[in-house]
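Single-letter residue listing:
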Amino acid sequence: MRFENNLMRAFDPDIIPYHEIHRLLVGGVAPRPIALVSSMDKNGASNLSPFSFFNVFGVNPAVLCFSPAYSGKTGQPKHTMLNILETRECTVSIVTYEMVHQISLASAPYERGVDEFTKSGLTKRPSVKVAPPGVAESPFVLEARLLHHIDFGKTHGSANLMICEVVMLHVSEAVLTEQGGVDPLLIDQVARLGGPYYTRAKRGIFALPQPGKPLAGIDRLPEEIRSSPILTGKHLAQLASLEEIPEVPNDLSNDEVRHIAAREHLEQGDVEGAWRALGTS
Ligand SMILES: Cc1cc2nc3c(=O)[nH]c(=O)nc-3n(C[C@H](O)[C@H](O)[C@H](O)COP(=O)(O)O)c2cc1C
């Protein structure tokens, strides 16, 4: 499906109720990774809750940020935030498919002081530099300390940003690659979409080469190819992701047949075959 000519509807957050904006934002800005945040209050009582307004930013220092909002229903702050403001420490465990039902259970609105490790059946693993434990079932756990807290309004649905420095990473040997990365099939993360929806990352994985150099770009393709009604922007980007665009003789006929043949190759990921179908020798 192509959306270029679709009628777009505009939603102005100054006019639309915040719960409708929430529904649109979580549906559109997705999938989001899930931080399973473990924190403790000043007396050492443990808390575990998932947050999908979450990501990491930069590596020097490594920073993570997640957002416990004031409840849209009650306007109350999340216990996770209150705990971290008291102790300035947390851990973030990445959520796998095996864990997803348990983290959903941990997200239920329990009273402050209830330990969601106990409710969800997830297991504590002691941390090295911070007091809150990680989650033993997760293959990827970060220990973190609060750097900045930004509060956007103290009212229903308004966000807090908990910006934390990552002070220790724990990665299971079972998901580490020989090159020192994380195997995307073995780690088996889940991510959050809008409403009740989740996605299992490994079911949708595909790879694209990472452009390390400036590549030719669509503007350098011959006009006959660039204006093809058969080749979409995706196909053109595949053809244009080369350092040099191959020479295509300009006396070729049968554009439609050549373009359809090229499209077949491109749909299989065969860029060389596509250029041959377009007429390069
Ligand atoms: C997958 C998932 C993602 C969530 N993401 C967020 C989020 O980003 N921000 C938020 O305020 N609540 C989020 N929630 C809801 C909280 O987990 C829920 O309000 C929880 O009860 C908070 O616990 P606490 O008050 O013990 O910190 C999410 C729930 C689930 C299941």
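Residues numbered from 1 in each chain as written. Predicted model: local features only at pLDDT ≥ 70, side-chain atom pairs only at ≥ 80, totals over all residues. Heavy atoms only, no water.

## Let's talk about the overall build of the protein
The following threshold applies: For helices the rule is a DSSP run of H or I covering at least 4 residues; for strands it is a run of E covering at least 2, with both sets numbered from the N terminus onward. Relative accessibility decides the category of a residue: with a 1.4 Å probe and only protein chains considered, values under 20% of the type maximum give buried, values over 50% give exposed, and everything between is partly exposed. Residue contacts follow a heavy-atom distance rule, with two residues in contact if any of their heavy atoms lie within 4.5 Å.
A tally of helices and strands in the protein yields nine helices and 12 strands. Taken along the three principal axes of its C-alpha coordinates, the protein extends 80 × 50 × 30 Å. By the burial criterion, 36% of the 281 residues in the protein qualify as buried. Sequence separation of at least 24 residues holds for 61% of the intrachain contacts in the protein that already meet a minimum separation of 6.

## Details of the domain arrangement of the protein
Stated formally: Domains are outlined according to an automatic or database domain assignment.
Annotation of the protein at the domain level lists domain 1 (18–204) and domain 2 (218–278). The distance between the C-alpha centroids of domain 1 and domain 2 comes to 45 Å.

## Digging into the nonpolar core
Applied cut-off: For our purposes a nonpolar core is just a set of buried Ala, Val, Leu, Ile, Met, Phe, Trp, Tyr and Cys residues, chained together by side-chain atoms within 4.5 Å.
Core analysis: the biggest nonpolar cluster contains 21 residues, and Val-37, Leu-64 and Phe-66 have the highest contact counts within it. Looking at this core, the elements with two or more residues in it are strand S2 (35–40), strand S5 (62–66), helix H2 (79–87), strand S6 (89–94), strand S9 (140–151) and strand S10 (160–171). The element best represented in this core is S9, accounting for four residues. Excluding anything up to four places from it in sequence, Val-37 contacts Asn-47, Leu-48, Ser-49, Phe-51, Phe-66, Thr-80, Ile-84, Cys-90, Thr-91 and Val-92. Leu-266, Ala-274, Trp-275 and Leu-278 belong to the second-largest nonpolar core, a separate cluster that totals 14 residues.

## Digging into the site of the ligand
Note the cut-off: When at least one non-hydrogen atom of a residue lies within 4 Å of a molecule or strand, that residue is treated as near it. Side-chain atoms alone can form a polar contact between residues adjacent in sequence; in general such a contact is a pair of N or O atoms within 3.5 Å, and within protein one must be able to donate a hydrogen while the other accepts it. Each accessible area value is a Shrake-Rupley result obtained with a 1.4 Å probe; residue values ignore everything except the protein chains displayed when judging cover.
Close to the ligand lie 19 residues; Pro-50, Ser-52, Ala-69, His-79 and Thr-80 are nearest. Between the ligand and Ser-52, the relevant distance is 2.8 Å, taken from a nitrogen atom to a main-chain nitrogen or oxygen of the residue. At a separation of 2.8 Å, an oxygen atom of the ligand approaches a polar backbone atom of His-79. Coverage of the ligand by the protein chains reaches 87% of its 650 Å² of free accessible surface. Counting residues per element, the ones that place at least two in the shell around the ligand are strand S3 (46–51) and H2.

## A word on unusual backbone geometry
Pro-31 follows Ala-30 through a cis peptide bond whose omega is 0°. Turning to its location among the elements, Pro-31 is positioned in the loop between helix H1 (18–28) and strand S1 (32–33). The peptide bond linking Asn-60 to Pro-61 adopts the cis configuration, its omega dihedral lying at 10°. Tracing the sequence through the fold places Pro-61 in the loop between strand S4 (54–59) and S5.

## Some points on the side chain of Arg-258
Note on placement: Arg-258 falls in helix H8 (residues 255–267). Apart from residues no more than four positions distant in its own chain, Arg-258 is found in contact with Glu-224, Val-248, Leu-252, Ser-253, Ala-277 and Leu-278.

## What about the pattern of salt bridges?
Basically, it comes down to this: By convention in these notes, a salt bridge is any Lys or Arg side-chain nitrogen within 4 Å of a carboxyl oxygen on Asp or Glu.
Tallied over the entire structure, the rule returns 13 salt bridges. We note a salt bridge from Glu-86 to Arg-112, for which the minimum N-O separation is 3.4 Å. Remark: Arg-112 occurs in the loop between helix H3 (100–106) and helix H4 (116–120) and Glu-86 occurs in helix H2; sequence separation between them is 26 residues. The exposure class of Arg-112 is partly exposed, given its relative accessible area of 37%. Measuring nitrogen to oxygen at the nearest pair gives 3.4 Å for the salt bridge that ties Glu-267 to Lys-234. Within this pair, whereas Glu-267 is found in helix H8, its partner Lys-234 is found in helix H7 (residues 233–240), the two being separated by 33 residues in sequence. Using a relative accessible area of 46% as the deciding quantity, one classes Glu-267 as partly exposed. Given a relative accessible area of 46%, Lys-234 falls into the partly exposed group.

## A word on H7
In an α-helix there are 3.6 residues to a turn, and that puts residues three or four apart on one side. Every buried residue belonging to H7 is among His-235, Leu-236, Gln-238, Leu-239 and Ala-240, and all of these are buried. Where H7 is buried, its residues contact helix H6 (223–226), H8 and helix H9 (271–278).

## Some thoughts on the pairing of S9
We apply this condition: At least two DSSP bridges between two strands are needed for those strands to be called paired.
Where S6 lies against S9, five bridges are found, and the strand directions are antiparallel. Note that in S9 the partner of Thr-91 across the bridge is Glu-143. Bridge analysis of S9 against S10 gives 11 bridges, and the strand direction is antiparallel. Paired with His-148 across the two strands is Ile-163, which belongs to S10.

## Some points on the packing of H8 against H9
This is how the line gets drawn: Here an angle of 0 to 180 degrees is reported between the N-to-C directions of two axes, which are lines fitted to C-alpha atoms, with helices fitted over the stretch in contact. Oblique is the label for any angle not under 35 degrees, not over 145, and not in the 65 to 115 range, which are roughly parallel, roughly antiparallel and roughly perpendicular in turn. Polar here means any residue other than Ala, Val, Leu, Ile, Met, Phe, Trp, Tyr, Cys and Pro, which are nonpolar, and Asp, Glu, Lys and Arg, which are charged; Gly is therefore polar.
It is the contact of H8 with H9, at a shortest axis distance of 8 Å, that shows an interaxial angle of 175°. By the angle between their axes, H8 is roughly antiparallel relative to H9. Contacts between H8 and H9 pair Arg-258, His-259, Ala-261, Ala-262, His-265 and Leu-266 from the former with Val-271, Gly-273, Ala-274, Ala-277 and Leu-278 from the latter. Partitioning the contact of H8 with H9 into residue classes produces seven nonpolar, three polar and one charged.

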